[in-house]
Every structure is written in structure tokens, then in C-alpha cells.
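# Commentary on secondary and tertiary structure
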Amino acid sequence: MKDQVLTIRPARQDEVPEILAFWAEAAEGTDRHDSAGKVLALLDRDPEALLVAEVDGELAGTLIAGWDGWRAHLYRLAVHPDHRRKGIGSKLIEAAEQRFAGFGAFRADAMVLHDNTLAHHAWKAAGYAVQPEWGRWVKPLG
């Protein structure tokens, strides 16, 4: 990222369509049903939860840093393929951790797909590890 300017800031509501398109290109496939309404609801409830990274004003990465008042949760770490391996994911994680420190959080958990080995490297480099004694239980609603 030599001579490029990296900025990390909260997403704005007017950026939601761009972020959805970004996720379709940069994020690993998941079973999520993304919609503008859901992202807007997140921003209405917590305007600083969705972090965006820009390189020279262009969207290069995202991370949702959700705080529910009890626990710190990380979702949707995505870096555009043209900007990977430049430290953007690490900077997003650092920004999220600073946000959580302001709430007094003592631990953060990250949702990471088992098969997303590229992401595993980023999370390990940031000091995160799989917690083998816990499993995620899910139930589709609706």
C-alpha cells in the first residue's frame, strides 16, 4: 500500500448498495440472505458497527464489529481481491478491537467459515484461535 491512503471509518447508510455489491464480489459465499433493509437496520441500531476500509477513497474492505452489550462479535471480514495481503484485514480487526475496548469488552469472537483458509491466516495473525470446546448451533427461522 505504498503511497496509498488507507482510511477506516463507520459505513454510511447511503453506501449500503455499494457494500452489498462489494460483498457479492469480495466475501466468501455463505447462506446469508443479504438485503439493504437488514444492513440499514444494523446501522440504525448501531451506526458504528459496520466498519469500512477505503484505499484512496475506494471501498477495499469491511468488518462488522457488533456489540450486544454483553459480548463482542466480528462478522463479514471481507477484503477486495485486488487489495488482499496488504494488511487491510488486520487494520479492520484492530479498529474493531479498539471499538470493543471502549465498551469494556474482555474478549471478541469471530465468525469464520471452516473452508475459508485465506481468512484463517488473517485471524491467526491477529491472535485469534479456534475454540474447540464450543460449537455453533443454528436453527433457520421462518
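So, here is what we can say about the structure in this document.

Using the criterion set out here, one finds seven salt bridges in the structure. A salt bridge links Glu15 to Arg9; its shortest N-O distance comes to 2.4 Å. For the pair Glu15 and Arg9, a shared accessibility class is recorded, and that class is buried. A salt bridge links Arg99 to Asp46, with the shortest nitrogen-to-oxygen separation between them at 2.3 Å. Taken together, the residues Arg99 in helix H3 (residues 88–103) and Asp46 in the loop between helix H2 (36–45) and strand E2 (50–55) connect sequence positions 53 residues apart.

Our next topic: the nonpolar core. Counting residues in hydrophobic clusters, the biggest one holds 18 residues, and the most contacted among them are Leu63, Leu74, Ile88, Ala96, Phe100 and Trp123. If you list the elements that add at least two residues to this core, you get E2, strand E3 (58–67), strand E4 (72–79), H3 and helix H4 (117–125). Element by element, the count of residues in this core is highest for H3, at five residues. In terms of nonpolar packing, the next biggest core, distinct from the first, is built from 16 residues, Ile19, Ala26, Leu43 and Val52 among them.

With that settled, consider the side chain of Glu15. Assignment of secondary structure puts Glu15 in the loop between strand E1 (6–10) and helix H1 (16–26). Within the structure, Glu15 has its side chain in polar contact with the side chain of Arg9 (distance 2.4 Å). There is a polar contact of 2.7 Å between the side chain of Glu15 and the backbone nitrogen of Arg12. When neighbours within four sequence positions are excluded, Glu15 is seen to be in contact with Arg9 and Glu54.

Procedures and definitions
- Residues numbered from 1 in each chain as written.
- Predicted model: local features only at pLDDT ≥ 70, side-chain atom pairs only at ≥ 80, totals over all residues.
- Heavy atoms only, no water.
- Salt bridge = Lys/Arg side-chain N within 4 Å of Asp/Glu carboxyl O.
- Buried < 20%, exposed > 50% of the residue type's maximum accessible area, 1.4 Å probe, protein only.
- Helix = DSSP H or I, 4+ residues; strand = E, 2+ residues; numbered from the N terminus.
- Core = buried A, V, L, I, M, F, W, Y, C linked by side-chain atoms within 4.5 Å.
- Polar contact = N/O pair within 3.5 Å; in protein donor to acceptor, adjacent residues only side chain to side chain.
- Contact = heavy atoms within 4.5 Å.

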